[in-house]
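# Examination of the molecular architecture
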Amino acid sequence: VQLVESGGGLVQPGGSLRLSCAASGFTFTSYAMTWCRQAPGKERELVASIASAGGSTNYADSVKGRFTISRDNAKNTVYLQMTSLKPEDTAVYYCAAKRSPIASIDQYDYWGQGTQVTVSS
């Protein structure tokens, strides 16, 4: 099983980034996919999730209206479009897969290695 994130980097406040996560080694269409993040000194938190078929999405209040999660099941890839970025969005961003729709973050099945997003002027 592999989840490989890409697209992180340094961006100025107000800027945009698009993260990608390529999945392999499991049946992608059977899993809900999530993006989580962890800032220094803070716990890992769920940012956004998308159902296995892609029809239902959820967002943390802190990113609603600014971030959009999507998936391409033909490419086994999940995306996170981030706009109007703020310094407090700085964190390592991880994609994760969960077989159970009700799984909590500590119960997610597979994790990527993470990609750093830094929002700074």
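Our subject is the structure that appears above.
Residues numbered from 1 in each chain as written. Predicted model: local features only at pLDDT ≥ 70, side-chain atom pairs only at ≥ 80, totals over all residues. Heavy atoms only, no water.

### A few points about the packing of aromatic side chains
Aromatic ring pairs: the centre-centre distance and the angle between the two ring planes describe each pair. How we decide: Here the aromatic set is Phe, Tyr and Trp, taking the six-membered ring for Trp, and pairing holds for ring centres within 6.5 Å; pairs whose planes are under 30 degrees apart are stacked, those over 60 apart are edge-to-face, and all others are tilted. Secondary structure is summarised from DSSP: a helix means a run of H or I of at least four residues, a strand means a run of E of at least two, and numbering begins at the N terminus for each. For a lysine, the NZ atom is tested; for an arginine, the CZ atom; a charge sits over a ring if that atom is within 6 Å of the ring centre and within 35 degrees of the ring normal.
Overall, the coordinates contain six aromatic pairs when judged by the stated rule. Ring geometry for Tyr-31 and Tyr-110: centres 5.6 Å apart, planes at 40°, overall tilted. You can see Tyr-31 sitting in the loop between strand 3 (17-24) and strand 4 (32-38) and its partner Tyr-110 sitting in strand 10 (residues 110-111), a full 79 residues away along the chain. Put simply, the rings of Phe-26, Phe-28, Tyr-31 and Tyr-110 pair up and form one aromatic cluster. Across the ring face of Tyr-79, the terminal group of Arg-18 is positioned such that the distance to the ring centre comes to 4.0 Å. Stacked on the ring of Trp-111, the Lys or Arg Arg-44 has its end atom at 4.6 Å from the ring centre.

### Description of the state of the cysteines
Just so we agree on the cut-off: Put simply, a disulfide is two cysteine sulfurs that come within 2.5 Å. Buried residues are those whose accessible area, probed at 1.4 Å on protein chains only, stays under 20% of the maximum for their type, while exposed residues exceed 50% and partly exposed ones sit between those limits.
Under the counting rule described, the total for this entry stands at one disulfide. Each disulfide pairs two cysteine sulfurs, and for Cys-21 the partner residue is Cys-95, the sulfurs being separated by 1.9 Å. Here the residue Cys-21 occupies a position in strand 3, and Cys-95 occupies one in strand 9 (residues 91-98), the gap between them amounting to 74 residues. Neither residue differs from the other here; Cys-21 and Cys-95 are each classed as buried. The thiol of Cys-36 is not disulfide-bonded; the next cysteine sulfur, from Cys-95, is found 9.0 Å away. On the basis of relative accessibility, which here comes to 0%, the residue Cys-36 falls in the buried class.

### Some words on the environment of Gly-8
Within the element layout of this structure, Gly-8 appears in the loop between strand 1 (2-6) and strand 2 (9-11). With a relative accessible area of 32%, Gly-8 lands in the partly exposed category. Gly-8 sits 84 residues away from Val-92 along the chain, and the two C-alpha atoms are 8.6 Å apart.

### With respect to the pattern of salt bridges
Threshold: Salt bridges are defined by distance alone: a side-chain nitrogen of Lys or Arg within 4 Å of a carboxyl oxygen of Asp or Glu.
Per the counting criterion, the structure on display carries four salt bridges. Across the pair Asp-89 and Arg-66 runs a salt bridge, and its minimum N-O distance is 2.7 Å. With Asp-89 in the loop between strand 8 (77-82) and strand 9 and Arg-66 in the loop between strand 6 (57-59) and strand 7 (67-72), the pair connects residues that are 23 residues apart, well separated along the chain. Asp-89 sits in the buried class, given a relative accessible area of 1%. Several salt bridges share partner residues, and in doing so they unite Arg-37, Glu-45, Arg-66 and Asp-89 into one network.

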